[in-house]
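Observations on the three-dimensional arrangement
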Amino acid sequence: MGKSKGAKGFMSKMQGKGGPKGEEAEESSGGEEGEKQQIKQPSVPAAPAAAAPIGGAGAGGDEDSDGEGGQETRAKMVKRHAAEMTAHKKAVARSGKKSKDELTKINKVIEDRHAAELGAPPKAAKAAAPADIGAAIAGMSIGSSFYAGGEGGGDGADGAKSKAAKRRERMEREEAEREARIREETAAMGPSSRVVEEAALLALLTPLGLTMRTIQADGHCLYRSVADQLTQAGRVPAPGYQELREQAAAYMRSHPDDFVPFVYDSDRPGAPDEQLAAHCDEVAGTAAWGGQPEIVALAEVLKAHVEVHAVGMPVVKVGEAYAGGGAPLTLCYLRHAFGLGEHYNSVEPLVAADAEAAAEPAAEA
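What you are looking at is a predicted structure, and each value in this text was computed from that prediction instead of being measured. (Residues numbered from 1 in each chain as written. Predicted model: local features only at pLDDT ≥ 70, side-chain atom pairs only at ≥ 80, totals over all residues. Heavy atoms only, no water.)

Considering the nonpolar core
Grouped together as the largest cluster of nonpolar side chains are 32 residues, with contacts concentrated most on Val226 and Val306. For this core, the element with the most residues is helix H9 (residues 221–232), which contributes six residues. Excluding its chain neighbours within four sequence positions, the residues that come into contact with Val306 are Ile295, Ala299, Val316, Lys317, Val318, Leu329 and Leu331. Counting eight residues, the second-largest nonpolar core is a separate cluster that includes Leu201, Leu210, Met212 and Cys332. (Core = buried A, V, L, I, M, F, W, Y, C linked by side-chain atoms within 4.5 Å. Buried < 20%, exposed > 50% of the residue type's maximum accessible area, 1.4 Å probe, protein only. Helix = DSSP H or I, 4+ residues; strand = E, 2+ residues; numbered from the N terminus. Contact = heavy atoms within 4.5 Å.)

Notes on the packing of aromatic side chains
Taken as a whole and judged by the stated rule, the model has two aromatic pairs. Each ring, one from Tyr251 and one from Phe259, has its centre 6.0 Å from the other, and the planes form 85°; the classification is edge-to-face. Here Tyr251 matches Phe259 in class, with each residue buried. The interplanar angle of 50° and the centroid separation of 5.4 Å between the aromatic rings of Tyr333 and Tyr344 together place this pair among those described as tilted. You can see Tyr333 sitting in strand E4 (residues 329–338) and its partner Tyr344 sitting in strand E5 (residues 341–349), a full 11 residues away along the chain. In terms of burial, Tyr333 and Tyr344 fall into one category: buried. (Phe/Tyr/Trp six-rings, centres within 6.5 Å; stacked < 30°, edge-to-face > 60°.)

Here we look at the pairing of E5
Burial of E5 is extensive: seven of the nine residues sit out of reach of the surface. One ladder, built from four bridges, connects strand E1 (residues 210–213) with E5; its direction is antiparallel. When the bridges of E5 are listed, Thr211 appears paired with Glu348. (Pairing = 2+ DSSP bridges.)

Quick look at the side chain of Thr330
Mapping Thr330 onto the fold places it in strand E4. Once you skip the residues sitting within four places of it in the chain, Thr330 turns out to touch Leu210, Gln229, Glu307, His309, Ser346 and Val347.

As for the packing of helix H11 (residues 256–263) against helix H12 (residues 272–285)
For the pair H11 and H12, the least separation of the axes is 9 Å and the interaxial angle reads 90°. Taken together, the axes of H11 and H12 lie roughly perpendicular to each other. Where H11 abuts H12, its residues Pro256, Phe259, Val260 and Val263 lie against Pro272, Gln275, Leu276 and His279. Residues that form the contact of H11 with H12 fall into these classes: six nonpolar, two polar and no charged. (Axes fitted to C-alpha atoms, helices over the stretch in contact; angles between N-to-C directions. Parallel < 35°, antiparallel > 145°, perpendicular 65-115°, else oblique. Nonpolar A, V, L, I, M, F, W, Y, C, P; charged D, E, K, R; others polar.)

Written out as structure tokens, the structure is:
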């Protein structure tokens, strides 16, 4: 009996240790393990529970507690809505001007959803609520487009165009309209003076077996045309336009009596010899146009016969004393070639021009 009593007493003590204090220890141990498990699991934002209708389960109890079946109560839903709107307003405050317009549209979407949740049945409210409106707002970047259609103030295909884009479009439209008006006016005016003159000049050259060879219009056209004629005649080395300018000026200086009558103008200041000297400096050192005096000087310097063809006037022949020395240097004089007026072109044989024209498509191919 003593042994039994001792055993019983020992068991009582053990039971006493395993009583409330033991249960607290188990709960404490279990709580710590639960907390560790909670820490290990990632935090995933959960969708809000469906709203409980007024007067339904959970309406009569504590407003802050969940309703029957874990459904979100109306009071908690209102608090959640307030928190979502606060987060939304903070996002608006941090955003730039462009993003504010974007988030303002989202504000309407949030308010409509909140109204739907408060008035809809529990299942409908649950379906209408996004998983995490805060994440949706946080995921937005300034200048991004919230709507799939490209709305929200951006420069998308359906968005509002910038002032610069509108200005470019207006300028392009005005330029196209201006070009259309020019084409219409040109067509109404008929062929230009240049086209008419070139056609008439070609009619003069064709019987001679010649056609026009276009020369660059830069103020040196007379000298470039003469240089081109020398090249076609086989002059080696053929002088360039600048060398021809200097040679013409030097000859005019050395023969003042032959050129003063062409150069002197009584309405201009300076004596005749002074005006001639100034004119020669201009011929040698600038892009001043050449004319009859310079053609005469070049014919003498080159010992060449020069012929100039023009519409409405006989052929001008200079340096006829050198006509027996070979084919003449042939030039074309045009009054309406360009906006500035007078221009000299060279000529070439029709056969050479036709061969060159036939070679161009072959080279392109």
